[in-house]
Amino acid sequence: MNGHIEPMVGRYVHVEIDRDMHRIYFEESGAGVPLVCLHTAGSDGRQWRHLLADEEFSKKFRIIAFDMPWHGKSNPPANWSGEEYQLTTARYTETVRAFCKALKLEKPVVMGCSIGGRIVLNLAIDHAAEFRALIGLEAADFQAPWYDTSWLNRPDVHGGEVCAALVSGLIAPQSPEVSRNETLWAYKQGGPGVFKGDLYFYRVDGDLRGRVETIDTRVCPLYLLTGEYDFSCTPEDTKRTAAAIPDASVTIMEQLGHFPMSENPEQFRRYIAPVLNEILEQSSISTKQGEHA
Amino acid sequence: MIARGRFLDCECLLGPTDHPFHASIRGGRIVDLTPAPVLMRSWRFSYRATAAAWAEYWQPAPRPGWHDLLALTKREQAVLEGDLHPFMVHLQYFKDVLALPRPHASAVPQ
């Protein structure tokens, strides 16, 4: 509709990460339980725009999506001198915690996709008590590589084109063309070497095999949802990961791939709505028990 | 698709694992397709898949894991060999060209 203004609002917050000050762009909508959303490698927070615009969810949640440094509208820090960008487990963990702290979020829910799903597992391992619930989309402790990341950043290959073409196969064939194109557009816009640098965390530094067994879902519930068409983080990868974590919730999502929230928002909503409702119910029970204690 | 491949001139080997074709591409157009082997003909890269893989890949809505060229290599139903530079530079082009036999789901009677 001509003139329609969407409900989310974008602002910048200054966040200190590893002693450097970063100017982080985030969008938010709604009020209630804080729900922080993490984008996939090489993309940005626009992937969450449909969730941010969801009238029902925003009645109960303060939905927040931020662009990681080097991504979207969050520039590299002012003191960056051009060295190769590489995301590590420690840096990613600190980024998420520092962002939540800067916004003074009280026990937020964190939902991350792909690398965001992987870091959610690390949050569950090391910092579970800080969060109300954790949701990993396309998440596993490890997955087998299927291409050489050196193709992503070299002068004789167009970075945007190759990044988008590689991940295009991770989108389900049933996803609407318009949403497929929008999902790929963010990959065509990424900074040089940023997708590759994110995958350093995914492929090299962030192997969580042998560590997820320590996750205690009594401290913080963990939900894992993976699209059936994701051949990068396969349903089998997610199921194997969940099998090591007592009471982790697992859902395999039909007709979805690696980018559920952006490649087919309507289909994703069918799967995420019950999860968010369950988190609200649990949150409400905890609050009542706290009142009676 | 031809616009996407407008800078592509390449000799490559495409098709079934045991019976591939030599493809000559000029400016994004396939100008020659000849069954291999051809005596002493060179190619820069090859993408070959099992007959079962092509049959699955060309379904209107392919099954998970059979829906992408690199999903097929990951599940070892296809092999990618040679100098991969032209393939990677024009990756979406090759994905689209090799999916051409796939009918659109909307055109298939339910």
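This one's a predicted model, so the numbers in the text were calculated from it and none came from an experiment.

### A word on the overall build of chain A
- The helix and strand tally for chain A stands at 10 helices and 8 strands.
- The C-alpha radius of gyration of chain A comes to 18 Å, within 12% of the 19 Å expected for a compact globule of 293 residues.
- Overall, chain A is about 65 × 45 × 40 Å in size when its C-alpha atoms are taken along their principal axes.
- Taken across its 293 residues, chain A has 51% of its residues classed as buried.
- In chain A, the share of contacts with a sequence separation of at least 24, taken over all contacts with a separation of at least 6, comes to 74%.

### Comments concerning the overall build of chain B
- Looking only at helices and strands, one finds 4 helices and 5 strands in chain B.
- Overall, chain B shows an N-to-C arrangement of helices and strands of β-β-β-β-α-α-β-α-α.
- Viewed in the frame of its principal axes, chain B has a C-alpha envelope of about 45 × 30 × 20 Å.
- Per-residue burial over chain B gives 28% buried out of 110 residues.
- Once local pairs closer than 6 in sequence are excluded, the contacts in chain B between residues at least 24 apart make up 57%.

### A few points about the nonpolar core
- Counting residues in hydrophobic clusters, the biggest one holds 107 residues, and the most contacted among them are Leu 35, Cys 37, Val 109, Val 110, Val 120, Leu 134 and Leu 222 of chain A.
- Not counting the four nearest positions on each side in its chain, Cys 37 of chain A is found in contact with Trp 48, Leu 51, Ile 63, Ile 64, Ala 65 and Met 111 of chain A.

### A few points about helix 4 (residues 91–98) of chain B
- Listing the buried residues of helix 4 of chain B in full gives Leu 91, Tyr 93 and Phe 94 of chain B. For helix 4 of chain B, the angular spread of buried residues about the axis comes to 160°, placing them on one side.
- At its buried positions, helix 4 of chain B is contacted by helix 5 (159–168) of chain A together with helix 2 (69–74) and helix 3 (85–89) of chain B.

### As for the interface of chain A and chain B
- Counting residues at the interface gives 15 residues for chain A, matched by 15 residues for chain B.
- The residue makeup of the side of chain A that touches chain B, split by class, is 10 nonpolar, 3 polar and 2 charged.

### Some details on the pairing of strand 1 (residues 9–17) of chain A
Residues and elements named next belong to chain A.
- Bridge count between strand 1 and strand 2 (residues 20–29): 9 bridges; the pairing is antiparallel. Its bridge partner lying in strand 2, Val 13 is registered against Ile 24.
- Counting the residues that bridge the hairpin from strand 1 to strand 2 gives 2 residues, and of these Asp 18 lies at a positive phi of roughly 50°.

### Quick look at the sheet that holds strand 3 (residues 29–35) of chain B
All names here are of chain B.
- Reading across from one edge, 3-2-1-4-5 is the order of the 5 strands in this open sheet, with mixed pairing throughout. A strand with exactly one partner marks an edge of an open sheet, and here the two such strands are strand 3 and strand 5 (78–82). Averaged over neighbouring strand pairs, the angle between their axes works out to 20° when direction is ignored.
- Pairing between strand 2 (residues 21–26) and strand 3: 6 bridges, direction antiparallel. From the neighbouring strand, His 22 faces strand 3, where its bridge partner is Thr 34.

### Description of the sheet that holds strand 8 (residues 249–253) of chain A
Residues and elements named next belong to chain A.
- A sheet is described by the order of its strands in space; here 8 strands give the open sequence 1-2-4-3-5-6-7-8, paired in mixed fashion. Both outer strands of the open sheet, strand 1 and strand 8, are each paired with one neighbouring strand and no more. Looking at each pair of strands side by side, their axes are set apart by 20° on average, direction ignored.
- In the sheet, strand 7 (residues 222–227) pairs with strand 8 via 5 bridges, with the strands oriented parallel. Bridge pairing links Leu 224 to Val 250 in strand 8.

### Concerning helix 6 (residues 177–189) of chain A
All names here are of chain A.
- An ideal rise of 1.5 Å per residue puts 18 Å on 13 residues; helix 6 measures up with 18 Å between its terminal C-alpha atoms.
- Residues Thr 183, Leu 184, Ala 186 and Tyr 187 constitute the buried set of helix 6. Looking down the long axis of helix 6, one finds its buried residues gathered within 145° of arc, a one-sided arrangement. Along helix 6, the residues that are exposed and aim more than 90 degrees away from the buried face are Glu 177 and Val 178.
- In this structure, the buried residues of helix 6 make contact with helix 5, helix 7 (194–205) and helix 9 (260–263).

### Some details on the environment of Arg 44 of chain B
Residue and element names in this part refer to chain B.
- The topology assignment puts Arg 44 in the loop between strand 3 and strand 4 (45–49).
- By C-beta crowding, Arg 44 is classed as partly exposed, having 14 other C-beta atoms within 10 Å.
- Through-space distance from the C-alpha of Arg 44 to that of Gln 92 is 18 Å; in sequence the pair is 48 residues apart.
- If sequence neighbours within four positions are ignored, Arg 44 has contacts with Cys 10, Glu 11, Cys 12, Gly 82, Asp 83 and Pro 86.

### A short note on the packing of helix 5 of chain A against helix 6 of chain A
All names here are of chain A.
- One way to put it is that helix 5 packs onto helix 6 with a least axis distance of 7 Å and a crossing angle of 145°. The two elements helix 5 and helix 6 cross, and the hand of that crossing is right-handed. Residues Gly 160, Glu 161, Cys 163, Ala 164, Val 167 and Ser 168 of helix 5 touch helix 6, and the partners they reach there are Leu 184, Tyr 187, Lys 188 and Gln 189.
- Class assignment of the residues belonging to the contact of helix 5 with helix 6 gives a composition of 5 nonpolar, 3 polar and 2 charged.

Cut-offs used in this document
- Numbering of residues starts from 1 in every chain and runs along the sequence as written.
- Both sets of labels track the order of writing: A upward for chains, 1 upward for ligands.
- With the structure being a predicted model, the display of local features is reserved for residues of pLDDT at least 70 and the display and counting of side-chain atom pairs for 80 or more, all residues being used for whole-chain, interface and lining totals.
- Secondary structure counts use DSSP, requiring at least four H or I residues in a row for a helix and at least two E residues in a row for a strand, with both numbered from the N terminus.
- The globule rule is 2.2 Å times the number of residues to the power 0.38, and the radius of gyration it is compared with is taken over C-alpha atoms.
- Working definition of burial: number of other C-beta atoms within 10 Å of the residue's own, with buried at 20 or more, exposed at 12 or fewer, and partly exposed in between, all C-beta atoms being placed from the backbone.
- Once C-beta atoms have been placed from the backbone, residue pairs whose C-beta atoms lie within 7 Å are recorded as contacts.
- Each nonpolar core reported here comprises buried Ala, Val, Leu, Ile, Met, Phe, Trp, Tyr and Cys residues connected via C-beta atoms within 7 Å.
- In this context, the arc is that of the directions from the helix axis out to the C-beta atoms.
- All amino acids are sorted into three groups, where Ala, Val, Leu, Ile, Met, Phe, Trp, Tyr, Cys and Pro are nonpolar, Asp, Glu, Lys and Arg are charged, and the leftover types, Gly among them, are polar.
- Should DSSP find at least two bridges between two strands, the strands are taken to pair.
- Fitted lines through C-alpha atoms serve as axes, helices being fitted only where they are in contact, and the angles separating the N-to-C directions of these axes extend from 0 to 180 degrees.
- A helix's residues, less one, multiplied by 1.5 Å, set its expected span.
- Crossings are classed by handedness, with left-handed meaning an anticlockwise turn of the near helix from the far one by less than a right angle and right-handed meaning a clockwise turn.

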